[in-house]
Amino acid sequence: MLRKLAVVTTAAAALLAAASVHAQTVKIGIILPYTGQFADGATQLDNAIKLYVKQNGETVAGRKLEFVRKDTGGIAPDVAKRLAQELVVRDQVDILAGFLLTPNALAAGDVSAEAKKFMVVMNAATSIITTKSDYMARTSLTTPQVNESLGAWAATKGGIKKVYTMVSDYGPGHDGEQGFINGFKGAGGEVIGSVRFPVANPDFAAFVQRAKDLNPEAIYIWVPGGAQPAAIGKALAERGIDARKTKVLSQLELTDESARKAMGDAALGIITGAHYDPEHKSARNQAFVKAYVAEYKRSPNFFSMGGYDGMHLIYEALKKTGGKTDGAALIGAAKGMAWESPRGPISIDPETRDIIQTVYIQRVEKVGGENVNVEVDKVEKVKDPVKVRMMKK
Amino acid sequence: MQSLVGVLFDGFAYGMLLFLLSVGLSVTLGMMNFVNLAHCSFAMVGGYATVSFMNRLGWPFFAALAAAFVVAAAVAVVLERTLYRRLYRASDLDQCLFTIGIVFISVAAFAFFYTTELQSARVPEYLRGAVQIMGINFAAYRIFLVAVSLAMAVLLIFLLERTQFGATVRAAVDNQRMARGLGIDVDRAFMITFALGGGLAGLGGGLAVEFVGLEPTFALTYLVYVLIVVAVGGLGSIGGSFVAAAVLGISDMAGKYFFPWLGAFLIYLVMVALLMWRPAGLFGKR
Amino acid sequence: MANASSTAARYFEGQVRWRPLEIVFWLAALLPFVVTPAYLSLASQVAITALFALSLDLLVGYAGLVSLGHAAFFGLGAYSAGLLAKHFWNEPLSGLIVAAALAGIVGYLLSHIIVRFRHLTLIMLTLGIGLLLHEVANSATWLTGGADGLQGVKVTSVLGFRFDLYGRTAYSYSLATLFVCFLVARRIVHSPFGLALRGIRENALRMPALGAPNQAHLRKAYALSAAMAGVAGALLTHTTSTVSLEVLSFGRSADVLVILILGGAGRLYGGILGAIIYMVARDQFSGINPQYWYFWIGLLLVAVVMFLPNGILGGLSALYKKSE
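The following paragraphs examine the structure supplied in this document.

The rules behind these values
Numbering of residues starts from 1 in every chain and runs along the sequence as written. By the order in which they are written, chains take letters starting at A while ligands take numbers starting at 1. Whole-chain, interface and lining totals are the exception, using all residues; otherwise, since this is a predicted model, local features are given only for residues with pLDDT of at least 70 and side-chain atom pairs are given and counted only at 80 or more. To obtain the side-chain values, all non-hydrogen atoms of the structure were included, while hydrogens and water were left out. Each helix is a run of H or I in the DSSP string that is no shorter than four residues. Each strand is a run of E no shorter than two, and both are numbered from the N terminus. The size measure is the radius of gyration over C-alpha atoms, and the globule rule it meets is 2.2 Å times the number of residues to the 0.38 power. Each residue gets one of three labels from its accessible area relative to the maximum for its type: buried under 20%, exposed over 50%, partly exposed in between, using a 1.4 Å probe on protein chains only. Should any heavy atoms of two residues lie within 4.5 Å, those residues are counted as being in contact. N or O atoms within 3.5 Å of each other form a polar contact, as long as, within protein, one can give a hydrogen and the other can take it, and as long as residues adjacent in sequence are counted only when both atoms are side-chain atoms. Summed over both partners, buried area is the accessible surface (1.4 Å probe) that two parts give up on being assembled. Note on residue classes: Ala, Val, Leu, Ile, Met, Phe, Trp, Tyr, Cys and Pro are nonpolar, Asp, Glu, Lys and Arg are charged, and everything else, Gly too, is polar. Salt bridge criterion: a side-chain nitrogen from Lys or Arg within 4 Å of a carboxyl oxygen from Asp or Glu. To form a nonpolar core, buried Ala, Val, Leu, Ile, Met, Phe, Trp, Tyr and Cys residues must be joined to one another through side-chain atoms within 4.5 Å. Between N-to-C directions, angles span 0 to 180 degrees; the directions come from axes that are lines fitted to C-alpha atoms, helices contributing only their stretch in contact. In this scheme, roughly parallel covers angles under 35 degrees and roughly antiparallel covers those over 145, while 65 to 115 is roughly perpendicular and the rest are oblique. Note: crossing handedness is left-handed where the near helix turns anticlockwise from the far helix by less than a right angle, and right-handed where it turns clockwise. Two aromatic rings from Phe, Tyr or Trp, using only the six-membered ring of Trp, form a pair when their centres are within 6.5 Å; if the ring planes differ by under 30 degrees the pair is stacked, by over 60 it is edge-to-face, and anything between is tilted. By the criterion adopted, a ring carries a charge over it if an Arg CZ or a Lys NZ lies within 6 Å of its centre and within 35 degrees of its normal.

### What about the overall build of chain B?
For step 1, the next point in the chain: For chain B, the count of helices and strands is 11 helices and 2 strands.
For step 2, the next point in the chain: Scanning chain B from its N terminus toward the C terminus, one meets helices and strands in the order α-α-α-α-β-β-α-α-α-α-α-α-α.
For step 3, the next point in the chain: In summary, chain B has a C-alpha radius of gyration of 19 Å against a globular reference of 19 Å for 286 residues, a match within 12%.
For step 4, the next point in the chain: The principal-axis extent of the C-alpha atoms belonging to chain B is close to 60 × 45 × 35 Å.
For step 5, the next point in the chain: Buried residues in chain B amount to 64% of all 286 residues.
For step 6, the next point in the chain: For chain B, the share of sequence-separated contacts (at least 6 apart) that also reach a separation of at least 24 residues comes to 78%.

Set out below in structure tokens:
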């Protein structure tokens, strides 16, 4: 009789424990393009997420974290929206995260708004994304944030008067160009010409030649990461443009590690506006890079940074709400949160829920036999200028 | 004028890369009517082989390229003997489906073994940068690319026109049934041609690493361009592939130089126009 | 004489009659509402892809014209529905009609160029036209929104039913449209026009001798196929309230062709079956392994071709015949 009672009690206790453990799980749905042409960015971002979890444990505010990962395959907003819906309805996630690509982030934003789920955009960089849902925060960057700062710097401290722009002919390229021109012209510079190249362009010789024909003082470039930065860097050298004489300006993709490796000495002298470089000299960053390299045998990049800080935001927001996962509580906790990230000091703007961070101006120089990005200047506490202007109206 | 010559040469060089990647598919398609959409997977094999031999084993560039040719050719032969043979009687659509399946498998396999990271290879210093000839800048690597492709083209045409084996291939392309009827071992000829084509694609892949970069999605990205060259050039024709690749490369580059707002538009427009004018391809027979 | 025609008549009647298996299939299509209510969004997208594949089947399976650029019409339908909803009114059913009309007209116009060609030339031409249209849409950012997609498309309800988070309305809407279009396709295929198409596919030289105008028939088939693809595209816009360049991409054209071949072309149900199997497999594989699921899908395709030639339906019917 006593034995039966013991068995029943143990069973009941076990069931109760299981039930309460389940109730204590916080589910996070990650939507990224794990396959397709953007797969490498997704890999780097996901690596950083896994690293953060490894370093900080799977339990936050007394609740265990569980991750559900979904692949969009590339730019596919209809798929992203469906995956977000399924994560909410089928998997019952509490938080939506990831989002490398703008169209996907925009589509999923609708789901976040309707289902009132906290959403953290960890890479997509178009300004308007955060306006899609009141429960959305971003920990990566906005294209205008970096490029306007670069443009303003170029016309003032950079001492550049005239520039020729060459950008990829799609949203992010146009955004980069527009941001740069806003900052550049706003500080008194002049744009002498421009050309746009197709998105998946493998060969830049013709476009670089067009730039060379005008013999510009400076060239502004915007290309997406991947194979193109190295290709255009090499094309510049092959067509006779020396980045040390003609100032070449761009966003950090142009001189990231794989591009520098592929370009060789053709990269020397290129100036980029960056929100994160793995070479950034801070104790926190050096520790981060060391841990990343040890785990994944390659250096982190800005994709990784967005993921790492995104996880930090999720962890801290959960700690602040005491484990409560409803959208309003989490976004309320996220607004205004500030911390020292490996990239530098960052915070989440309480008005726009977008990231405020330092933009570094860096130049490729040879240090100890290696070509690296050296910080020459920085602009601190940069907000997304597009939304700042939107709010003023 | 000078800048135009430079740009046109660059386009020609790009076309030569496409030639190397496409010529194998053109000949095997013309010979056996076998639709091998996995052709660019051989290029990927060659590319990753080059990267592995150079970066992990420290081989010099040229040795790695030769190895890329051999490895890709070997993979092609193995694939042909084990799997493709059973599908020669299958319908075009089935062949498409099967080979697309092979491409998908190869993309996932390379992503697994090499990660999605962009691969690069340290080519020798004398192949980097530019040389000045008559005041025009020519990229050293492009000159190298053109040289290799021209050498290959000459070799192939010699093989086709001056050797017994070449005669066999020409006979099989012209009229397979008749060739068999004459006692020609078409299957063996096809296997060797397939290996050659695969090897050339592998060589192209190895050369492409420095030129356009290498990622696991290479097999899918370049498939479209290769199909365009093959269709425009005409099935079963080396000369056709050469001319088509050159025309497409040059017109793409010239288009981007003179009408940059047309962008990638021009290459597709040229293809459509050429196909409507010559449906069987520039040098095609059927 | 009377015997021959009555045999013929009986044969055709047999073709046209609804088989019990078909009725079971369509009833089973209602199961997701009850059995897997969390998968209705996926079911909706399967239905849309099935419709797209069905439209391609009219072209590939019945008219014998292989197209690698059919996404052009899917995309035309999707964008016209999106632009209509954004600028004018967002009532979906009229959007479907507009999309069908636009895609059909463009298809008819293009058909004058396209149906003159065959084999690889035809495939590459359709590919080229698809790629051209994609480029045009990419450049016309003022109209299409470019790479970020068309913003401001909000299709909130159909016939008074709200598009909800669970996808109930979406699936009902897509399934109903698929069924209606299927009935239309069935009618076409079993009509004298449909028979003529099959004749042209089998032996294009002989058909004019029988009095069938080849080119005219093929053009009509192309236009009908384009219109139906346009409807599928519009459905996607309505059920997701998103449109992006991807609807015009080569990837979409290639995917639908793969799906059709997988299911078996020329059997009306091949595209539908292929869509179900491919998309469910993809969903399951990528759920298990988001990074390397291409491997398993590739293996599926290879296995199907090795063991079930002529697609799943083709292979199954061959097995069925063998067992008889």
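And the narrative resumes.
### With respect to unusual backbone geometry
All names here are of chain C.
For step 1, the next point in the chain: You will see that L268, though not glycine, has its phi angle at about 60°, which is positive.
For step 2, the next point in the chain: Here L268 is to be found in the loop between α12 (250–263) and α13 (270–288).
For step 3, the next point in the chain: Judged by relative accessible area, which is 7%, L268 ranks as buried.

### Some points on the side chain of S251 of chain B
Residue and element names in this part refer to chain B.
For step 1, the next point in the chain: Positionally, S251 belongs in helix α10 (residues 238–258).
For step 2, the next point in the chain: Under the relative-accessibility criterion, S251 is labelled buried at 16%.
For step 3, the next point in the chain: One polar contact links the side chain of S251 to the main-chain carbonyl oxygen of V247, over a distance of 2.8 Å.
For step 4, the next point in the chain: Look past the residues within four positions of S251 in its chain and what remains in contact with it is L266 and V270.

### A short note on the interface of chain A and chain C
For step 1, the next point in the chain: Listed per partner, the contact involves 33 residues of chain A and 29 residues of chain C.
For step 2, the next point in the chain: Each partner contributes to the roughly 2700 Å² buried at the junction of chain A and chain C, and carbon and sulfur atoms together form 52% of this total.
For step 3, the next point in the chain: Contact with chain C buries area across many residues of chain A, yet D78, V89 and R90 of chain A alone supply 22% of it, more than any other trio.
For step 4, the next point in the chain: The interface formed by chain A and chain C includes 9 residue pairs in polar contact (both at pLDDT 80 or more).
For step 5, the next point in the chain: Counting only elements with at least two residues in the side of chain A that touches chain C, the list comes to β3 (63–71), α3 (77–89), α4 (102–115) and α6 (171–186) of chain A.
For step 6, the next point in the chain: With 9 residues, the single largest contributor to the side of chain A that touches chain C is α3 of chain A.
For step 7, the next point in the chain: Looking at the side of chain A that touches chain C residue by residue, the classes come out as 15 nonpolar, 7 polar and 11 charged.

### Focus on the interface of chain B and chain C
For step 1, the next point in the chain: Counting from both sides, the interface comprises 34 residues of chain B and, opposite them, 34 residues of chain C.
For step 2, the next point in the chain: Taken over both partners, the interface formed by chain B and chain C buries close to 3100 Å², and the fraction arising from carbon and sulfur atoms is 87%.
For step 3, the next point in the chain: The interface formed by chain B and chain C holds 0 salt bridges in total.
For step 4, the next point in the chain: Where chain B meets chain C, there are 2 residue pairs in polar contact (both at pLDDT 80 or more).
For step 5, the next point in the chain: Those elements that provide at least two residues to the side of chain B that touches chain C are α4 (92–114), α9 (218–233) and α11 (265–277) of chain B.
For step 6, the next point in the chain: In terms of residue count, α4 of chain B provides more of the side of chain B that touches chain C than any other element does, 13 residues in total.
For step 7, the next point in the chain: For the side of chain B that touches chain C, the residue count by class is 30 nonpolar, 2 polar and 2 charged.

### Here's the deal with the nonpolar core
For step 1, the next point in the chain: Ranked by internal contacts, the top residues of the largest apolar core, which has 218 residues, are F61, Y84, L207 and F218 of chain B together with L51 and L301 of chain C.
For step 2, the next point in the chain: Among the elements that take part in this core, helix α1 (residues 2–32) of chain B stands out by supplying 16 residues, more than any other.
For step 3, the next point in the chain: If we skip the residues at most four places from it in the chain, F61 of chain B touches M54, V123, P124, L127, Y141, F144 and L207 of chain B.
For step 4, the next point in the chain: With 49 residues, the next largest nonpolar core counts I30, V289, F303 and M311 of chain A among its residues.

### Topic: the packing of α11 of chain B against helix α7 (residues 119–139) of chain C
For step 1, the next point in the chain: Contact geometry of α11 of chain B with α7 of chain C gives a least axis separation of 9 Å together with a crossing angle of 150°. When the axes of α11 of chain B and α7 of chain C are compared, the pair comes out roughly antiparallel. The handedness of the crossing between α11 of chain B and α7 of chain C comes out as left-handed. Of the residues in α7 of chain C, those in contact with F265, Y268, L269, M271, V272, L275 and M276 of chain B of α11 of chain B are T121, M124, L125, G128, I129, L131, L132, E135 and V136 of chain C.
For step 2, the next point in the chain: Its residues assigned to classes, the contact of α11 of chain B with α7 of chain C shows 13 nonpolar, 2 polar and 1 charged.

### A closer look at the pattern of salt bridges
Any two side chains of opposite charge can pair if their charged atoms end up close together.
For step 1, the next point in the chain: Within the structure shown, the criterion is met by 45 salt bridges over all chains.
For step 2, the next point in the chain: E80 of chain B serves as the salt-bridge partner of R81 of chain B, at 3.2 Å between the closest nitrogen and oxygen.
For step 3, the next point in the chain: With a relative accessible area of 33%, R81 of chain B lands in the partly exposed category.
For step 4, the next point in the chain: E80 of chain B sits in the buried class, given a relative accessible area of 1%.
For step 5, the next point in the chain: Between R180 of chain B and D187 of chain B there is a salt bridge, with its nearest N and O atoms 3.7 Å apart.
For step 6, the next point in the chain: Here the salt bridges share partners, and the residues they tie into one network are D203, E238 and R239 of chain A together with D10 and R142 of chain B.

### Details of the packing of aromatic side chains
Residues and elements named next belong to chain C.
For step 1, the next point in the chain: Applying the stated rule across the entire model yields 51 aromatic pairs over all chains.
For step 2, the next point in the chain: A ring pair is formed by F25 and W26, whose centres lie 5.3 Å apart and whose planes are at 80°; its orientation type is edge-to-face.
For step 3, the next point in the chain: Accessibility expressed as a relative area gives 11% for W26, which makes it buried.
For step 4, the next point in the chain: Centroid distance F52 to F74: 4.6 Å. Interplanar angle 35°. Geometry classified as tilted. Remark: F74 occurs in helix α5 (residues 71–87) and F52 occurs in helix α4 (residues 40–62); sequence separation between them is 22 residues.
For step 5, the next point in the chain: The class for F52 is buried, based on a relative accessible area of 2%.
For step 6, the next point in the chain: If you follow R168 out to its NZ or CZ, it ends over the ring of Y166, 5.2 Å from the centre.
For step 7, the next point in the chain: The positively charged end of K220 is found above the aromatic ring belonging to F193, 5.0 Å away from the centroid.

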